[in-house]
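# Architecture and fold: a report
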Amino acid sequence: MLKTGLKKLELPWVEKYRPHVLKDIVGNEETIDRLKQIAIDGNMPNMIISGLPGIGKTTSVLCLAHELLGDSYSDAVLELNASDDRGIDVVRNQIKHFAQKKCSLPQGKHKIVILDEADSMTAGAQQALRRTMELYSNTTRFAFACNQSNKIIEPLQSRCAILRYSKLSDEQVLKRLLEIIKAENVQYTNDGLEAIIFTAEGDMRQAINNLQSCVAGHTLVNGDNVFRIVDSPHPLVVKKMLMATTLDQSITHLRDDLWGKGYSAVDIVTTSFRVTKTLYELKEPKRLEMIKEIGITHMRILEGVGTYLQLASMLAKIHKLNS
């Protein structure tokens, strides 16, 4: 028996505030409206939902399954994630057995197989799946959630309706964060919220996780605490580095405030890109040229040349542009 004095274990906020009905999902209104219509009609097609991580793909499918199946959800839904083995054996055994299983469902309803991170399935498993989809189309429908739909083989794509999700706007993320802050009675500052939105880049899951981590570590959600939690270079420091009067000053900021504190080349260059996008004090042609130089440096770093010399070279080229 647990002692009564022990505090009840709480869910992570991402799960605690996960929507359970389609109308509560934030963003992608047109696509959500299509799913609502499917829930009303009761006839779900096979579908592929593609888009960036953390913008509500899996949540949408789960909400749709709940609205379609109601109390039969637990018996009539099979959910497989990338953490499961997703080779050809899973298709031949687990998925096929589920499709053959008899369920007492309301008239016109189907069992649903949800395959999360479907773009990580092997090509062999996807080939095996297309026959299963055809054989059991009267009783079972498939929903694939993936980051890149082009990694799903074409025979499967042609059997599915494809829904594309775009990343969430800053306003949509902010609205949801404020609802959670009010429910959890969180102390925050405006620059703290700006920092969470800046680092999340339209990823609602990351924004909520960063908010909870900051509250757990520091109680007060402000800019400095957020950047400390996410271990990302502070954009104001990066802005000073990019906008310094001389190249020597830029190199000093890079060496002492960023590289010297252990930030990786990828962190520095990606934050430089985000900061440059919002440098509205510079004219657009100059901003675009800076972004081009940062992009070339990013490409080289991703190819494995993540050295201090590459970053210093990027700063030198940016200063040459500005002069």
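So, here is what we can say about the structure in this document. (Residues numbered from 1 in each chain as written. Predicted model: local features only at pLDDT ≥ 70, side-chain atom pairs only at ≥ 80, totals over all residues. Heavy atoms only, no water.)

## Quick word on the overall build of the protein
Counting its secondary structure elements, the protein contains 16 helices and seven strands. Taken along its principal axes, the extent of the C-alpha atoms in the protein is 75 × 55 × 40 Å. Buried positions account for 44% of the 323 residues belonging to the protein. Residue pairs at least 24 apart in sequence account for 74% of intrachain contacts in the protein once pairs closer than 6 positions are excluded. Of the roughly 17,500 Å² that the protein leaves accessible, carbon and sulfur atoms contribute 51%. A distance of 3 Å separates the average location of the 41 positive side-chain charges in the protein from that of its 38 negative side-chain charges. (Helix = DSSP H or I, 4+ residues; strand = E, 2+ residues; numbered from the N terminus. Buried < 20%, exposed > 50% of the residue type's maximum accessible area, 1.4 Å probe, protein only. Contact = heavy atoms within 4.5 Å. Areas by Shrake-Rupley, 256 points an atom, 1.4 Å probe, with all protein chains shown as cover. Lys, Arg positive; Asp, Glu negative; His and termini not counted. Charge placed at Lys NZ, Arg CZ, Asp CG, Glu CD.)

## Focus on the packing of aromatic side chains
Counted according to the given criterion, the structure contains three aromatic pairs. Geometrically, the ring pair formed by Phe-142 and Phe-144 is stacked, given 6.4 Å between the ring centres and 15° between the ring planes. Like Phe-144, Phe-142 is buried. Ring centres of Phe-198 and Phe-227 lie 6.3 Å apart, and the angle between their planes is 65°; this geometry places the pair in the edge-to-face category. Of this pair, Phe-198 sits in helix H9 (residues 190-200) while Phe-227 sits in helix H11 (residues 223-230), and the two are 29 residues apart along the sequence. Above the face of the Phe-98 ring, Lys-111 is positioned so that its terminal group lies 5.5 Å from the ring centre. Its end group placed over the ring of Phe-198, Arg-274 keeps NZ or CZ at 5.5 Å from the ring centre. (Phe/Tyr/Trp six-rings, centres within 6.5 Å; stacked < 30°, edge-to-face > 60°. Lys NZ or Arg CZ within 6 Å of the ring centre and 35° of its normal.)

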